[in-house]
Amino acid sequence: MDAKNLRDLTIDELNEKHRQYKEELFNLRFQNAIGQLQNTSRINAVKKTIARVLTVVREKQMAGEQSAGRR
């Protein structure tokens, strides 16, 4: 998922996406440990997606703090 699509989501939806991707990362690592994972590059892709989600969440939090400070 790219950052453009993530910016359209609410913070609650982003937190849910974060939870889903963390679960997927856990499953991928588990599969890799027992030798069942065919595409190991998916681990890095999921890590980067998690970072994107967290970045967008932080941007939204900062925007909220700035708008609250201007009142």
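Refer to the structure printed above.
Residue positions are given per chain, counted from 1 along the sequence in the order it is written. Given that this is a predicted model, residues contribute local features only at a pLDDT of at least 70 and side-chain atom pairs are listed and counted only at 80 or more, while totals for whole chains, interfaces and linings are drawn from all residues. Each side-chain value is derived from all of the structure's non-hydrogen atoms; neither hydrogens nor water enter the calculation.

A.B. asks: Is there a simple way to explain the overall build of the protein in this structure?
C.D. replies: Looking only at helices and strands, one finds three helices and zero strands in the protein. Helix numbers and strand numbers start at the N terminus; a helix is a DSSP run of H or I with at least 4 residues, a strand a run of E with at least 2. In sequence order, the secondary structure elements of the protein are arranged as α-α-α. The C-alpha atoms of the protein give a radius of gyration of 15 Å, which is well past the 11 Å a tight globule of 71 residues would have. Based on the C-alpha atoms only, the size of the protein along its principal axes is roughly 55 × 15 × 15 Å. Scored against the burial criterion, the 71 residues of the protein give a buried share of 20%. Atoms counted for the radius of gyration: C-alpha only. Globule rule: 2.2 Å times residue count to the power 0.38. Here's how the labels work: a residue is buried when its accessible area is under 20% of the maximum for its type, exposed when over 50%, partly exposed in between, all with a 1.4 Å probe on protein chains only.

A.B. asks: What is the right way to read helix α2 (residues 11-33) from this model?
C.D. replies: Because the α-helix completes a turn every 3.6 residues, residues three or four places apart line up on one side. Each residue after the first adds 1.5 Å to the expected span of a helix. Taking 1.5 Å of rise per residue, the 23 residues of α2 would be expected to cover 33 Å, and the 33 Å separating its terminal C-alpha atoms lies within 8% of that figure. Residues of α2 that are buried include every one of L14, Y21, L25 and L28, and no others. Contacts: residue pairs with any heavy atoms within 4.5 Å of one another. The inward-facing, buried residues of α2 abut α1 (3-7) and α3 (41-69). The positive-phi residue at the C-terminal boundary of α2 is G35, with phi of around 85°.

A.B. asks: How should a nonpolar patch on the surface be read in this particular structure?
C.D. replies: Together, F26, F30 and I34 make up an exposed nonpolar region whose accessible area comes to about 350 Å². Looking at the element boundaries, F30 is found in helix α2. Residues qualify for a patch when their relative accessible area is over 30% and they have no salt bridge, like charges being joined within 9 Å and the nonpolar side chains of Val, Leu, Ile, Met, Phe, Trp and Tyr within 5 Å. With residues, only the protein chains shown are counted as cover, and all accessible areas are computed by Shrake-Rupley using a 1.4 Å probe. Any carboxyl oxygen of Asp or Glu that lies within 4 Å of a side-chain nitrogen of Lys or Arg is treated as forming a salt bridge with it.

A.B. asks: Sorry if this is basic, but what is going on with the packing of α2 against α3 here?
C.D. replies: Relative placement of two packed helices is described by the angle separating their axes and the distance separating the axes. Two numbers describe how α2 lies on α3: the axes approach to 9 Å, and their chain directions differ by 160°. By the angle between their axes, α2 is roughly antiparallel relative to α3. Considering how the two elements wind past one another, α2 and α3 form a crossing that is left-handed. On the side of α2, the interface is formed by I11, L14, N15, H18, Y21, K22, E24, L25, L28, R29 and N32, while α3 contributes R42, I43, V46, K47, T49, I50, V53, L54, V56, V57, K60 and Q61. Across the contact of α2 with α3, the residue classes break down as twelve nonpolar, five polar and six charged. Between N-to-C directions, angles span 0 to 180 degrees; the directions come from axes that are lines fitted to C-alpha atoms, helices contributing only their stretch in contact. Here roughly perpendicular refers to angles of 65 to 115 degrees, roughly parallel to angles under 35, roughly antiparallel to angles over 145, and oblique to all remaining angles. Crossing handedness follows the turn of the near helix against the far one: under a right angle anticlockwise gives a left-handed crossing, and clockwise gives a right-handed one. Throughout this entry, Asp, Glu, Lys and Arg are counted as charged residues, while Ala, Val, Leu, Ile, Met, Phe, Trp, Tyr, Cys and Pro are counted as nonpolar. The remaining residues, Gly among them, count as polar.

A.B. asks: What am I meant to see in α3 here?
C.D. replies: Its 29 residues place the ends of α3 42 Å apart at the C-alpha level, agreeing with the 42 Å of an ideal helix rising 1.5 Å per residue. For α3, the set of buried residues is I43, V46, T49, I50, V53, V56 and V57. For α3, the elements touching its buried residues are α1 and α2.

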